[in-house]
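One-letter residues, chain by chain:
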Amino acid sequence: MLKAIYLILFVGTLTTAALVVFLNRTVYAALALIAMMLGLTGIFIVIQAPFVALIQLFIYAGAIMVLFLYVIMLVNPRHDEPLLPPLLTRRWLAVTLAVFLGLLLAAWSVYALARAGDSVVFQTVAVADLANVMFSKYLLPFELTSVLLLIAIVGAILIARRS
Amino acid sequence: MGGEFFGWNVILSMLLFTLGILAVLWQRNALSVFMGIELMLNAANLAFINFAQRYGDESGAAIILFIVTVAAAEAAIGLAIFLRLYRQAAIIDVDKANQLRG
């Protein structure tokens, strides 16, 4: 049962991610990205990481994608290209490079998988443990993110406002 | 429970990251390039929580919070820059934004 759900989420996440890459309409691509993030949320729930799933749902699928859709609305890009790209274009260089990087990543993944086979631990990360480590080991980076967010807010308003 | 999907999660995060790279290289629309970056960040999140659970280390989960925070800040600033670029020069194609002057 869990395996079937995971398989559906796996295929759905990959399909919507491919749509994000290849669709030429920005709005459709953004909607596909939201679907992809929802699929990833499901995967986080299946692998028992509910806190990360909530972060993914609220901040990514919620806040960030709303920002994207607002900017798409304001920019309103023209639709002079076809919805899906023609098969033979100059962009095959991009495909080759991406496949090369993907193979590099695959090699690293195989290495990491082989190493991870040694330990058979699996444990869910409890929110309490996460809070402990956030407020002790990572206290300085945690405080610095507040400064980063403040800079981002002020900077975004400053850049985007009409002068 | 949950641990059986470890290998599949690694593969999924790898494929998502590759698709993100492809979006950045393939698309010329600035917003689509940005979405490719978000795709890569999501793939990194999946890999982090996956290995955090495998090794029983909550640092991997903590770093996801930082990634999400930085992603939100990056989205706000980046989209503001695109908006400004579009208003001033009516450019949305990243190849055409090649003049470094206001």
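For the structure itself, consult the block above.
Engineer: Explain the overall build of chain A residue by residue, including any values.
Structural biologist: Each helix and strand counted, chain A has 6 helices and 0 strands in total. Counting across all 163 residues of chain A, residues that qualify as buried make up 24%. Put simply, of all contacts in chain A between residues at least 6 apart along the chain, 60% involve residues at least 24 apart.

Engineer: Give a description of the interface of chain B and chain A that names residues and reports values.
Structural biologist: Taken together, the 60 residues of chain B in the interface contact 65 residues of chain A. When contributions to the side of chain B that touches chain A are tallied by element, the ones reaching two or more residues are helix H1 (6-26), helix H2 (30-55) and helix H3 (59-89) of chain B. In terms of residue count, the dominant contributor to the side of chain B that touches chain A is H3(B) (22 residues). When the residues that make up the side of chain B that touches chain A are grouped by side-chain class, the tally is 43 nonpolar, 13 polar and 4 charged.

Engineer: Go over the nonpolar core, please, and point to the residues and values.
Structural biologist: Generally speaking, soluble globular proteins have nonpolar side chains that are buried together. Grouped together as the largest cluster of nonpolar side chains are 68 residues, with contacts concentrated most on Val20(A), Leu33(A), Ala23(B), Met35(B) and Leu39(B). Put simply, the parts of the chain that give this core at least two residues each are helix H1 (2-22), helix H2 (26-46), helix H3 (50-75) and helix H6 (139-160) of chain A together with H1, H2 and H3 of chain B. Three or more residues apiece are contributed to this core by two domains, here domain 1 (2-122) and domain 2 (125-163) of chain A. Residues contacting Leu33(A), with those up to four places away along its chain left out, are Val20(A), Met65(A), Met35(B) and Glu38(B).

Engineer: Could you give an account of H1(A), with specific residues and numbers?
Structural biologist: Here H1(A) spans 30 Å end to end across 21 residues, near enough to the 30 Å set by a 1.5 Å rise per residue. Tucked inside the fold, the buried residues of H1(A) contact H2 of chain A together with H1 and H2 of chain B.

Calculation rules
Residues numbered from 1 in each chain as written. Chains lettered and ligands numbered in written order. Predicted model: local features only at pLDDT ≥ 70, side-chain atom pairs only at ≥ 80, totals over all residues. Helix = DSSP H or I, 4+ residues; strand = E, 2+ residues; numbered from the N terminus. Buried ≥ 20, exposed ≤ 12 C-beta atoms within 10 Å, placed from the backbone. Contact = placed C-beta atoms within 7 Å. Nonpolar A, V, L, I, M, F, W, Y, C, P; charged D, E, K, R; others polar. Core = buried A, V, L, I, M, F, W, Y, C linked by C-beta atoms within 7 Å. Domains from an automatic or database assignment. Expected span 1.5 Å × (residues − 1).

All quantities given are derived from atomic positions and should not be read as evidence of function.
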